Amino acid sequence: MIQLSQKEQNLLKDQQNHEKVCIQKYTNYANQAQDPQLKQLFQSYAVQEQQHLDTINQIMNGQVPDLNQAGQQQQQSSPQAGAAMGYEAGSSFQGAMGNQSDATLCNDMLMTEKYVSGAYDTAIFEFKDADVRQALNHIQKEEQQHGEGIFNYMQSRGMYQVQ
């Protein structure tokens, strides 16, 4: 049983809220997306965000999450950074800039993932328990993979230009 300090509890409450927002956004945006591949990407990320929330809830309840089980679920439910879904350069475009409403959804989720990943970075340094830090680091890595998947999707469709 993990004993959390008040500061650790507050950080976890923030992360719970962030995960709930991500679940809601990915679910809503999957329904709004025009491109079937983007719908699938957002749906798979919503599943992972729910797993993140479940992990945070376990920690809040004083339990050390089983990262091996979470990792197996992740590998089964989501492509690695979008690569398995064919987000390579030159894949099918919807006009020169792709679908503008899809681009708006992607921009919002990329910005959200950047923020959430940064919040995990701060939280990781504040926890005294090594297993909790490892669990939060695992979640942060998946958040970064979400950002990479969105970036790859956008770049392959001309929605994001690296200069």
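Residues numbered from 1 in each chain as written. Predicted model: local features only at pLDDT ≥ 70, side-chain atom pairs only at ≥ 80, totals over all residues. Heavy atoms only, no water.

A. Here's a closer look at the packing of aromatic side chains. Scanning the entire structure with this criterion turns up 4 aromatic pairs. Ring plane angle 70° and centroid distance 5.5 Å describe the contact between Tyr26 and Tyr45, whose orientation is recorded as edge-to-face. Here Tyr26, found in helix 1 (residues 6-32), pairs with Tyr45, found in helix 2 (residues 36-60); they are 19 residues apart in sequence, far enough to count as distant. Relative accessible area serves as the criterion here: at 0%, Tyr26 is assigned to the buried category. For Tyr45, a relative accessible area of 1% puts it in the buried group. Considering the side-chain rings of Tyr29 and Phe42, the 6.4 Å spacing of their centres and the 45° angle between planes classify their relative orientation as tilted. Of this pair, Tyr29 sits in helix 1 while Phe42 is found in helix 2, placing the two residues 13 residues apart along the sequence. (Phe/Tyr/Trp six-rings, centres within 6.5 Å; stacked < 30°, edge-to-face > 60°. Helix = DSSP H or I, 4+ residues; strand = E, 2+ residues; numbered from the N terminus. Buried < 20%, exposed > 50% of the residue type's maximum accessible area, 1.4 Å probe, protein only.)

B. Molecular detail of the side chain of Thr55. Structurally, Thr55 can be placed in helix 2. Classification of Thr55 by relative accessible area gives buried; the value is 8%. Residue contacts for Thr55: discarding those within four places in its chain leaves Pro65, Ala135 and Ile139. (Contact = heavy atoms within 4.5 Å.)

C. A look at the nonpolar core. Ranked by internal contacts, the top residues of the largest apolar core, which has 35 residues, are Tyr26, Phe42, Phe127, Leu136 and Ile150. Contacts of Leu136, omitting those with residues within four sequence positions, involve Leu12, Ile56, Ile59, Tyr120, Ala123, Ile124 and Phe127. (Core = buried A, V, L, I, M, F, W, Y, C linked by side-chain atoms within 4.5 Å.)

D. The pattern of salt bridges, seen in detail. This structure, assessed with the given rule, holds 4 salt bridges. The shortest N-O distance in the salt bridge between Asp108 and Lys25 comes to 3.0 Å. Highlighted residues: Asp108 in helix 4 (residues 100-126) and Lys25 in helix 1, separated in sequence by 83 residues. With its nearest N and O atoms 3.2 Å apart, the salt bridge here joins Asp35 to Arg157. With a gap of 122 residues between them, Asp35 in the loop between helix 1 and helix 2 and Arg157 in the segment after helix 5 (130-156) connect regions that are remote in the sequence. Across the pair, exposure class does not vary: Asp35 and Arg157 are buried alike. (Salt bridge = Lys/Arg side-chain N within 4 Å of Asp/Glu carboxyl O.)

E. Geometry of helix 2. Between its first and last C-alpha atoms helix 2 spans 36 Å; for 25 residues at 1.5 Å apiece the expected length is 36 Å, and the two agree. Structurally, the start of helix 2 carries an N-cap: the backbone nitrogen of Gln37 is 3.0 Å from a side-chain oxygen of Asp35. In the stretch just after helix 2, Gly62 is the one whose phi turns positive, near 85°. (Expected span 1.5 Å × (residues − 1). Polar contact = N/O pair within 3.5 Å; in protein donor to acceptor, adjacent residues only side chain to side chain.)

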